[in-house]
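# Structural overview for review
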Amino acid sequence: MREIVIISGKGGAGKTSVAGAFAHLADNAILCDLDVDAPDLHLLLNPQIDSEKQFWSGFEAIIDQEKCINCGQCATLCRFDAITEGEDGFKVNPFACEGCKVCVTLCPEQAIDFPEKHCGQWYVSQTRFGPMVHAQLFPGEENSGRLVTLLKQTARTMAEEQGLDLVLCDGAPGIGCPVISSMAGTDLAVVVTEPTPSGLHDLKRVAELCDGFRTKVTVLINKWDINPDMTDQIEAWCTSRGHALAGRFPHDKSVVDAMLKGKVITEFQDNPMTDSLKQSWAGILALLDTCN
Amino acid sequence: MIYAVASGKGGTGKTTVSSSLAALWDTPVALVDLDVEEPNLHLFLQPDLTDISKAYIEVPEADESKCTRCRACVDICQFKAITIMADTLLVFPEMCHGCGGCLEVCPEGALSPGKRELGEICRGTAGSHEFIMGRLRVGEAMSPPLMRQIRTLFPDLGTRGDILIDAPPGVSCPAIAAVTDADCIVLVTEPTPFGFHDFKLAWEAFKPFGKPMGAVINRATLGNNAVKEFCQEHDIPIWAEIPYSRDIAEAYSRGEIISLLLKGLEETFIDLRRNMKAAAKGEVRHA
């Protein structure tokens, strides 16, 4: 069983549209949307949910006003500025609280509760292209790294049980916690970028992250024709760094048209993008065979 | 006043809007890039960065010889950053959130404050405006502590004028942290199914703050009407619409600021600025 993660550094580069197309082209794959913060792949794949589970992670400090003597020690100790004194006593701001338990442990009156947090939902579903694992974190929640790990492990277990060859993941934007969790144990990272200063800047950072994980990188340039010079620059940079090029696609309105119909681009046979995507996918599979 | 430019989804044009506003802001403003994972504002504003300093988070350093294996530190640590394995005290600095709990509870003084590099904070000027950005070290997982250090500068910056924040994408903790201080939130979206879906998530996440909030619809001539209908239904003012144009995409790809470049757009962004300033003061918000 192999695993591919599609990432981009920068948001909006076309990661999910590409992931949807590859989901269509892949035989025998389980799909996994690891962008648990703002997942979009379900909008293309229309998953039918088989099972829905709650995601609990971390804890949250809550001050019991009955027991609190307003000594203020919790606010002094909190490194996250999560505790402030208001008109009706000390309060924890749940968005700032990291759940570190310092205030809970050191409160002289034991006036702080520490319940586990319900952070979101996750799902195992069926799609027209195969099974899918996905989630939705509640807005404002953290611990997305743990949820990403949970989704990946579930997908891997399901792939093994069902004899599937490939775990195909749509990753999260950025280079932080959720992306780092996405990268763990992956065979190949497909980085989707676009020929803009932001695209190149973020590609370099995310490729450096992949290097750190010793994950092989292949690069797809989306909307290449909005700046051919920059496209050349990106391709030259990839070559110099030993990152394989998976292909380039023109700026094409059909991506949005497909999205509006809830379809992936390759479901439209007469679309010029379809052939390019098929070629790129073949190249990616060949490259995957060379990964250790 | 503090203004945050946010977006549920990446790539909707947040940095396009921030850079365009920065170029047209008519009063003193500090431009702050809080998208520390992938800061991009500097690529467009080309600031002169005169002060670059490393940012650290406090993590414990262990002195094995003083440790009695009482496990108080292991018990308090919620992030699995400290453990005792085979009678050896082990610290995993990369897991540490810097809460300081272990330092507080260790009865033997076996733990002392050390540090882990989070990234850097870069300061300088873009034209006549102050410019500040954080840049997370590649491989560092936690962006909120770096963002927190930049946010401690706000009270000082705020005495000198407005603050315009380019926020990270998404609706999880970094995005929430970025809009916490704002007097007014601009939500940049695009009228596609992805854009609309993430716009709804962002609106739901930010609504409880009760701050003035308005939408900017980028690539407004692509896609469908779902975003506009949602805004109408939920009384979210649309402060600006930027049409889809290949000229804009190409200008952006050359690192240019679109409000200065293309006819008609200057007016759009001046209107946006006016709407933001009026909203932050609590004046009528509908354009």
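Residues numbered from 1 in each chain as written. Chains lettered and ligands numbered in written order. Predicted model: local features only at pLDDT ≥ 70, side-chain atom pairs only at ≥ 80, totals over all residues. Heavy atoms only, no water.

What follows concerns the pattern of salt bridges. Residues and elements named next belong to chain B. Applying the stated criterion across every chain, the model contains 35 salt bridges over all chains. The partner of Asp 87 in a salt bridge is Arg 69, and the shortest N-O contact between them spans 3.6 Å. Taken together, the residues Asp 87 in the loop between strand S4 (82-85) and strand S5 (88-91) and Arg 69 in the loop between strand S3 (48-62) and helix H3 (72-76) connect sequence positions 18 residues apart. Across the salt bridge formed by Arg 135 and Glu 120, the nearest N and O atoms sit 3.4 Å from each other. Of this pair, Arg 135 sits in strand S7 (residues 129-136) while Glu 120 is found in strand S6 (residues 111-126), placing the two residues 15 residues apart along the sequence. The structure contains a network of salt bridges with shared partners spanning Arg 123, Glu 130, Asp 156 and Arg 160. (Salt bridge = Lys/Arg side-chain N within 4 Å of Asp/Glu carboxyl O. Helix = DSSP H or I, 4+ residues; strand = E, 2+ residues; numbered from the N terminus.)

The next point concerns the confidence of the model for chain A. Chain-level pLDDT for chain A is 94 on average; 99% of the residues reach the 70-or-more range. No element of chain A has a lower mean pLDDT than helix H6 (residues 177-183) of chain A, which averages 90, and none a higher one than strand S2 (residues 29-33) of chain A, which averages 98. (pLDDT = per-residue confidence, 0-100.)

Our next topic: the layout of surface pockets. Estimates place the volume of the second largest pocket at around 200 Å³. Around the second largest pocket, the lining residues are A:Arg79, A:Phe80, A:Asp81, B:Tyr56, B:Ile57, B:Glu58, B:His97, B:Gly98, B:Pro145, B:Arg148, B:Gln149 and B:Thr152. Elements supplying a minimum of two residues to the lining of the second largest pocket: S3 and helix H5 (144-151) of chain B. Its residues assigned to classes, the lining of the second largest pocket shows four nonpolar, four polar and four charged. (1 Å grid on protein atoms, 1.4 Å probe; cavity = no way out; pocket = protein on both sides within 12 Å on 5 of 7 lines; lining within 4 Å. Points joined across faces, edges and corners; volume = space filled by probe spheres on them. Nonpolar A, V, L, I, M, F, W, Y, C, P; charged D, E, K, R; others polar.)

Hydrogen bonds along the backbone pair up the strands of a sheet, which may run parallel or antiparallel. Residues and elements named next belong to chain B. The nine strands are arranged S3-S6-S7-S2-S8-S1-S9-S10-S11 in an open sheet whose pairing can be described as mixed. Each edge of the open sheet carries a strand with a single partner, namely S3 and strand S11 (238-241). Adjacent strand axes in the sheet meet at a mean angle of 20 degrees when their direction is disregarded. The pairing of strand S2 (residues 29-33) with S7 spans four bridges and is parallel. Opposite Ala 30, over in S7, you have Glu 130 as the bridge partner. Of the strands in this sheet, strand S1 (2-6), strand S9 (184-189) and strand S10 (213-217) are in contact with helix H8 (residues 193-206), which crosses S9 at around 165 degrees. (Pairing = 2+ DSSP bridges. Axes fitted to C-alpha atoms, helices over the stretch in contact; angles between N-to-C directions. Contact = heavy atoms within 4.5 Å.)

This part is about the sheet that holds strand S11 (residues 188-193) of chain A. All names here are of chain A. Spatially, nine strands are ordered S3-S8-S9-S2-S10-S1-S11-S12-S13 in an open sheet, and the strand pairing comes out mixed. Of all the strands in the sheet, the pair left with one neighbour each is strand S3 (48-59) and strand S13 (244-248). Sheet twist, expressed as the average angle between the axes of neighbouring strands with direction ignored, equals 20 degrees. Of the strand pairs in this sheet, S2 and strand S10 (residues 166-170) are connected by five bridges, and their pairing is parallel. When the bridges of S10 are listed, Asp 33 appears paired with Asp 170. This element, helix H1 (residues 15-25), spans strand S1 (2-7), S2, S10, S11 and strand S12 (216-221) of the sheet and lies at about 160 degrees to S10. Across the sheet, helix H7 (residues 197-212) touches S1, S11 and S12, and the angle it forms with S11 is around 170 degrees.

Further remarks concern helix H10 (residues 272-290) of chain A. A turn of α-helix holds 3.6 residues, and therefore any two residues three or four places apart point the same way. Residue and element names in this part refer to chain A. The first and last C-alpha atoms of H10 sit 29 Å apart over 19 residues, in line with the 27 Å expected at 1.5 Å per residue. For H10, every residue scored as buried is listed here: Met 273, Thr 274, Leu 277, Ser 280, Trp 281, Ile 284, Leu 287 and Leu 288. Along the axis of H10, the buried positions cluster into a sector of 145 degrees, meaning they face one direction only. When the buried face of H10 is taken as reference, the exposed residues oriented beyond 90 degrees from it are Pro 272, Asp 275, Gln 279 and Asp 289. The N-capping residue of H10, defined by a side-chain oxygen 2.7 Å from the backbone nitrogen of Met 273, is Asn 271. (Expected span 1.5 Å × (residues − 1). Buried < 20%, exposed > 50% of the residue type's maximum accessible area, 1.4 Å probe, protein only. Arc of directions from axis to C-beta. Polar contact = N/O pair within 3.5 Å; in protein donor to acceptor, adjacent residues only side chain to side chain.)

The subject of this paragraph is unusual backbone geometry. Phi is positive for A:Asp81, close to 50 degrees, though the residue is something other than glycine. With respect to the helices and strands, the residue A:Asp81 is situated in the loop between helix H3 (73-77) and strand S5 (83-86). Taking the relative accessible area as the measure of exposure, A:Asp81 reaches 56% and is therefore exposed. A positive phi is found at B:Ala86, a non-glycine position, where the angle reads about 50 degrees. Mapped onto the elements, B:Ala86 comes out in the loop between S4 and S5.

Averaged over all residues, the pLDDT of chain B is 94; the fraction at 70 or higher stands at 99%. Here the complex is predicted with pTM 0.94, and the ipTM for its interfaces comes to 0.91.

On the side of chain A, 56 residues touch chain B, which itself brings 58 residues to the contact. Between chain B and chain A, roughly 4800 Å² of surface is buried when both sides are summed, and carbon and sulfur atoms account for 61% of that area. The largest share of the area that chain B buries against chain A comes from B:Glu38, B:Val138 and B:Phe194, three residues that together contribute 15% of it. The interface formed by chain B and chain A holds four salt bridges in total. At the boundary of chain B and chain A, one finds 27 residue pairs in polar contact (both at pLDDT 80 or more). Contributions of two or more residues to the side of chain B that touches chain A are made by helix H2 (41-45), H3, helix H4 (101-105), S7, H5, helix H7 (173-179), H8 and helix H10 (246-253) of chain B. The greatest single-element share of the side of chain B that touches chain A, amounting to six residues, is contributed by H8(B). (Buried area = accessible area lost by both parts, 1.4 Å probe.)

Attention now goes to the packing of H1(A) against H10(A). Residue and element names in this part refer to chain A. Packing of H1 against H10 leaves a shortest axis separation of 10 Å and a crossing angle of 75 degrees. Considered as vectors, H1 and H10 are oriented roughly perpendicular to each other. Every residue of H10 that contacts H1 at Ala 21, Phe 22 and Leu 25 is listed here: Leu 277, Lys 278, Ser 280, Trp 281 and Ile 284. A breakdown of the residues in the contact of H1 with H10 according to their chemical character gives six nonpolar, one polar and one charged. (Parallel < 35°, antiparallel > 145°, perpendicular 65-115°, else oblique.)

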